[in-house]
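The lines below spell out each chain.
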Amino acid sequence: AYTLPKIMWLRENKPGIYENTYKFLTAHDYIIFQLSGNYVTEDSIAAGTMAYDITKKRWDPGILEYAGVSLDKMPEVYQSGKAVGYLTAENSLKMGLPEGVLISTGGQDQKCAALGAGLSSDCVTVSLGTSCAITALFDEPVFLDDMSLPCFPYVDGKSWVLEGFGSTAGASVKWFRDNMGGRRSYMEIDDSIALLYDTDKLPDNVIFFPYLGGTASPEWYDAKGGGFLGITLDTSNSQMAAAVLESVAFNIKANLDKMESLGKSFTSISVFGGGASSEIWLRIISDVTGREVRLPYLEECACLGAAIMCSRALGPAHSPESVVKWIFYPDLKKTKRYETKYREYKKLENKIFGGV
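Let me sum up the structure you'll find in this document. (Residues numbered from 1 in each chain as written. Predicted model: local features only at pLDDT ≥ 70, side-chain atom pairs only at ≥ 80, totals over all residues. Heavy atoms only, no water.)

Concerning the pairing of strand β7 (residues 123-128)
For step 1, the next point in the chain: In terms of burial, β7 is a largely internal element, six of the six residues being buried.
For step 2, the next point in the chain: Of the two faces of β7, the one lined by C123, T125 and S127 and the one lined by V124, V126 and L128 are each fully buried.
For step 3, the next point in the chain: Pairing of β7 with strand β13 (residues 268-272) involves five bridges; the strand directions are parallel. Its bridge partner lying in β13, S127 is registered against F272.
For step 4, the next point in the chain: Note that β7 and strand β8 (residues 132-138) share four bridges and pair antiparallel. (Buried < 20%, exposed > 50% of the residue type's maximum accessible area, 1.4 Å probe, protein only. Helix = DSSP H or I, 4+ residues; strand = E, 2+ residues; numbered from the N terminus. Pairing = 2+ DSSP bridges.)

Overview of the environment of R291
For step 1, the next point in the chain: The topology assignment puts R291 in the loop between α11 (279-289) and β14 (292-296).
For step 2, the next point in the chain: R291 sits in the buried class, given a relative accessible area of 9%.
For step 3, the next point in the chain: With residues near it in sequence (within four places) discarded, R291 still touches L256, E260, F266, T267, S268, I269, S286, F328 and P330.
For step 4, the next point in the chain: At 2.7 Å, the side chain of R291 forms a polar contact with the side chain of E260. (Contact = heavy atoms within 4.5 Å. Polar contact = N/O pair within 3.5 Å; in protein donor to acceptor, adjacent residues only side chain to side chain.)

Some words on the packing of aromatic side chains
For step 1, the next point in the chain: Evaluated as defined, the whole model comprises 18 aromatic pairs.
For step 2, the next point in the chain: Aromatic side chains Y52 and W59 sit 5.7 Å apart centroid to centroid with 80° between the ring planes, which places their arrangement in the edge-to-face category. Judged on exposure class, the residue Y52 and its partner W59 are both buried.
For step 3, the next point in the chain: Note on W175 and F208: the rings are 6.2 Å apart at their centroids and 20° apart in plane angle, and the pair reads as stacked. Of this pair, W175 sits in helix α8 (residues 170-180) while F208 is found in strand β11 (residues 207-209), placing the two residues 33 residues apart along the sequence.
For step 4, the next point in the chain: A relative accessible area of 30% places W175 in the partly exposed class.
For step 5, the next point in the chain: We classify F208 as buried; its relative accessible area is 1%.
For step 6, the next point in the chain: Three or more aromatic residues joined by ring pairs form one cluster here, namely F209, Y211, Y221, F250, Y338, Y342, Y345 and F353.
For step 7, the next point in the chain: Lying across the ring of Y18, K73 places its NZ or CZ 5.1 Å from the centre. (Phe/Tyr/Trp six-rings, centres within 6.5 Å; stacked < 30°, edge-to-face > 60°. Lys NZ or Arg CZ within 6 Å of the ring centre and 35° of its normal.)

Focus on α11
Every α-helical turn comprises 3.6 residues, leaving residues that sit three or four positions apart pointing alike.
For step 1, the next point in the chain: The buried fraction of α11 amounts to nine of the 11 residues, a majority that puts the element mostly inside the structure.
For step 2, the next point in the chain: Taken residue by residue, α11 has I280, W281, L282, I284, I285, S286, D287, V288 and T289 as its buried positions.
For step 3, the next point in the chain: Backbone geometry just after α11 places G290 at a positive phi near 70°.

The structure is reproduced here in structure tokens:
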């Protein structure tokens with residue numbers, strides 16, 4: 001996660017290692033060093049170290065001085081998609097590649113994925129995998145008074161993003177399938193939810209809190225676990241499964257509402273990752289948020305974003321745009337119904353996890 005506290009720990013507890021370290025590198029930086037021999041990091045990666053000024057886009061000398069860490073031990077910062085050197089002769093022999101292969105900076109995974117998924121001023125992106133990441137684009141750095149959403153430089157070199165987070169998304173679905181799914185496959189569970197959804201047989205009282213892996217933005221509750229609420233003798237397995245999907249959609253909505261409180265408006269959501277293969281989940285997200293949900297044609301959006309960065313490092317070139325495979329539009333009747341359920345959900349959530 002964050003680099004600076006770990007460097008401080010080494011300095012205080014393993015001073016010999018700290019003193020003998022030439023540069024502190026992230027995994028991204030270390031790979032660049034191994035390929036090119038150069039000590040370089042990248043903008044969106046550096047922003048996750050706790051030692052980087054995202055406004056001036058440089059290592060923050062005040063923070064480093066306060067932490068007792070030498071600026072000389074930090075790598076040079078490059079923008080995403082910039083050439084940083086060439087494949088060394090030694091590595092060209094090892095890898096069977098020409099010696100002149102260009103080495104480029106990439107970017108932090110969610111930032112590359114947002115680029116590949118079509119992030120724009122009116123379209124947020126949602127990574128629906130084991131966890132959930134909600135990314136929104138801004139023209140300038142954004143610092144919230146309550147520090148509920150972190151801000152990072154974006155890989156285009158001219159924008160910034162706010163990034164929401166949910167600790168468990170697909171992980172909650174997997175837990176339900178493995179422990180309460182009745183030995184059904186994901187597809188069978190989805191089909192049973194869709195049948196209830198299409199016939200308006202999902203109950204308003206059954207809810208699920210997806211804190212099986214801990215907290216989530218924007219509230220960052222100190223949650224020790226999640227669970228179901230509102231279960232009765234009539235509650236079915238499929239209704240409980242639907243509540244799991246709804247809970248993640250509610251978390252996405254909470255983060256969007258927080259982002260839009262800053263004066264922006266988002267009309268669409270581009271969803272990618274393993275969870276995006278669930279059509280009923282995308283429909284629920286669309287109906288809960290009241291926004292159209294786009295499914296990119298290419299599932300591996302992070303790889304596409306990284307490839308776009310590489311193409312830019314090679315010089316002026318056409319950058320492929322994310323192609324939309326499918327668009328889900330909100331059902332206004334269901335959206336109105338979800339507004340009521342969402343309000344009740346947040347009220348109960350605050351009482352249980354926030355003590356309000």
